[in-house]
Amino acid sequence: MRFLMVAQGSFGDINPSAGIALRLRERGHEVYFLTTEYYEPYLKRLGIELVSTLSREDHLRIFASPDWTRRLGGFPAIASELVTGPARREYAAIRDLYVPGKTVVLTRGRALGARIAQENLGVPMATLVVSPKWLRSIYHRGPHRLLPKAARKWLRSAVTSRVNAMLMPETNRLRNELGLPALVGLFDEWILSPQLILGLFPEWYQPPLPDWPEVHLTGFPLFDGADTQELAPEVEE
C-alpha cells in the first residue's frame with residue numbers, strides 16, 4: 001500500500017506524522033511525506049521520501065514573521081501561508097502519486113489540497129488530530145466554560161465565521177479551477193475527512209465531546225526524532 005502523509009508547520013506537527021510514517025514503512029508500505037523542503041534533511045535521515053509542497057525559503061520567511069508571536073493575529077498568517085498556500089501543490093502531488101485501490105492519504109491538520117483531492121479524485125483519506133483543541137467544541141475545558149451554553153455557542157459561531165471568511169474564498173477558487181461546486185457551509189467541519197478521523201491521544205487525556213464528529217482515539221504517537229536529529233553547525237561550535 002502507498003501512504004501519502006501531508007503535514008505543514010513546526011516539528012510539533014511533523015514529528016507525530018513522521019513517527020507514523022516510519023511505522024508504516026517498517027511494515028512494508030511505501031510512504032511519501034508531502035511537506036516543506038525545510039524538513040528534507042530530517043526526513044532523509046529517517047529514510048522517508050519528501051515531496052515538496054513549500055520551499056525552504058518560504059518556510060523560513062513564514063516562521064520568521066512577527067505574526068506568529070501574536071496571540072490573536074497569528075491565525076490569518078497560518079490560514080494564508082500554511083493552509084491555502086500549499087494547497088495546489090498538495091493536490092497536484094496527490095493526483096500524480098495516486099494509484100486507485102493502492103493509495104491512502106493521511107493528513108495532519110487542515111490540509112486543503114488533500115481534502116479536495118479526496119473529494120475530486122476519490123482517494124481514501126484519514127485526518128490525524130494531534131490535539132483535542134483542533135476539534136472545535138463548546139465543551140472544551142477553559143474559562144469559557146463559566147459562560148452560559150448559549151454564549152459558548154455564540155463564541156464558537158463567531159470563530160467559525162472568521163475562519164470561513166479567511167479560508168473560503170481561496171478554497172472556492174481552487175474548487176472552481178477543478179470544476180467543483182463552491183463550498184457552502186462550515187470550513188472547519190468540511191476540512192476533516194468524511195471517512196476517518198483519528199485522535200492521536202488517549203481517552204483519559206480527552207474523552208470524545210458531545211459536539212465532535214466521530215473520532216477514533218489511538219493514544220499518543222510517542223516519537224520526537226531525537227535519535228536522528230543533528231545539531232546545526234552553529235550550535236556544534
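These numbers come from a predicted model, not from an experiment.

Q: Lay out the pattern of salt bridges in plain terms, naming residues and giving numbers.
A: Side chains that carry opposite charge are capable of pairing whenever their charged atoms lie near each other. Throughout the structure, instances matching the rule amount to nine salt bridges. As a salt-bridge pair, Arg61 and Asp58 come within 3.4 Å of each other at their nearest N and O atoms. Of this pair, Arg61 and Asp58 both sit in helix α3 (residues 56–63), three residues apart, which is roughly one turn of the helix. Taking relative accessible area as the criterion, Arg61 reaches 43% and is therefore assigned partly exposed. For the salt bridge of Arg175 with Glu119, the shortest nitrogen-to-oxygen distance reads 2.7 Å. Residue Arg175 is located in helix α7 (residues 149–177), and its partner Glu119 is located in helix α6 (residues 112–121); the two are separated by 56 residues in the primary sequence. By relative accessible area, Arg175 is classed as buried at 2%. Among the charged side chains, a salt-bridge network with shared partners connects Arg88, Glu170, Arg173 and Glu177.

Q: Break down the packing of aromatic side chains for me, with residues and values.
A: Under the defined criterion, the tally for this structure stands at eight aromatic pairs. Measuring from ring centre to ring centre gives 6.4 Å for Phe201 and Tyr205, while their planes differ by 55 degrees; the resulting arrangement is tilted. Residue class for Tyr205 comes out partly exposed when judged on its relative accessible area of 39%. Taken together, the aromatic side chains of Phe201, Trp204, Tyr205, Trp212 and Phe220 make up a single cluster linked through ring pairs.

Q: Describe helix α5 (residues 87–97), with residues and values.
A: Of all the residues in α5, the buried ones are Ala87, Glu90, Tyr91, Ala93, Ile94 and Leu97. Buried residues along α5 cover an arc of 165 degrees about the axis, so they all sit on one side.

Q: Break down the side chain of Arg115 for me, citing the residues and quoting the values.
A: On the secondary structure map, Arg115 appears in helix α6. Engagement of the side chain of Arg115 in a polar contact is seen with the backbone oxygen of Leu192, the distance being 3.4 Å. When near neighbours in sequence (up to four residues on either side) are disregarded, Arg115 contacts Met125, Trp190, Ile191, Leu192 and Pro194.

Q: Help me get a handle on a nonpolar patch on the surface, residues and values and all.
A: On the surface, a cluster of nonpolar side chains totalling about 540 Å² of accessible area is made up of Trp204, Tyr205, Phe220 and Leu222. Within the element layout of this structure, Leu222 appears in the loop between β7 (216–217) and α9 (233–236). When its relative accessible area of 77% is taken as the criterion, Leu222 is described as exposed.

Basis of the calculations
- Throughout, a residue's number is its position along its own chain's written sequence, starting from 1.
- Local features in a predicted model are, by the rule used here, given only for residues with pLDDT of at least 70; side-chain atom pairs are given and counted only at 80 or more, and totals for whole chains, interfaces and linings are based on all residues.
- The side-chain values count all of the structure's non-hydrogen atoms but skip hydrogen atoms and water molecules.
- Salt bridge, as used here, is a side-chain nitrogen of Lys or Arg placed within 4 Å of a carboxyl oxygen of Asp or Glu.
- By definition, any uninterrupted DSSP run of H or I lasting at least four residues is a helix, any uninterrupted run of E lasting at least two residues is a strand, and each is numbered from the N terminus.
- Residue exposure (1.4 Å probe, protein chains only): buried if accessible area is under 20% of the type maximum, exposed if over 50%, otherwise partly exposed.
- Aromatic pairs are defined between Phe, Tyr and Trp rings, using the six-membered ring for Trp, whenever the two ring centres lie within 6.5 Å; interplanar angles under 30 degrees are classed as stacked, those over 60 as edge-to-face, and all others as tilted.
- Working definition: the arc comes from the directions between the helix axis and the C-beta atoms, pointing outward to the latter.
- Whenever a nitrogen or oxygen atom comes within 3.5 Å of another N or O atom, the pair is scored as a polar contact, on the condition that within protein one atom can donate a hydrogen and the other can accept it, and that pairs from neighbouring residues in sequence are kept only if both atoms are in side chains.
- Only heavy atoms matter for contacts: two residues are in contact if any of them lie within 4.5 Å across the pair.
- Patch membership requires more than 30% relative accessible area and the absence of a salt bridge. Residues of like charge join within 9 Å; the nonpolar side chains Val, Leu, Ile, Met, Phe, Trp and Tyr join within 5 Å.
- Note on areas: Shrake-Rupley, 1.4 Å probe, and residue coverage restricted to the protein chains presented here.

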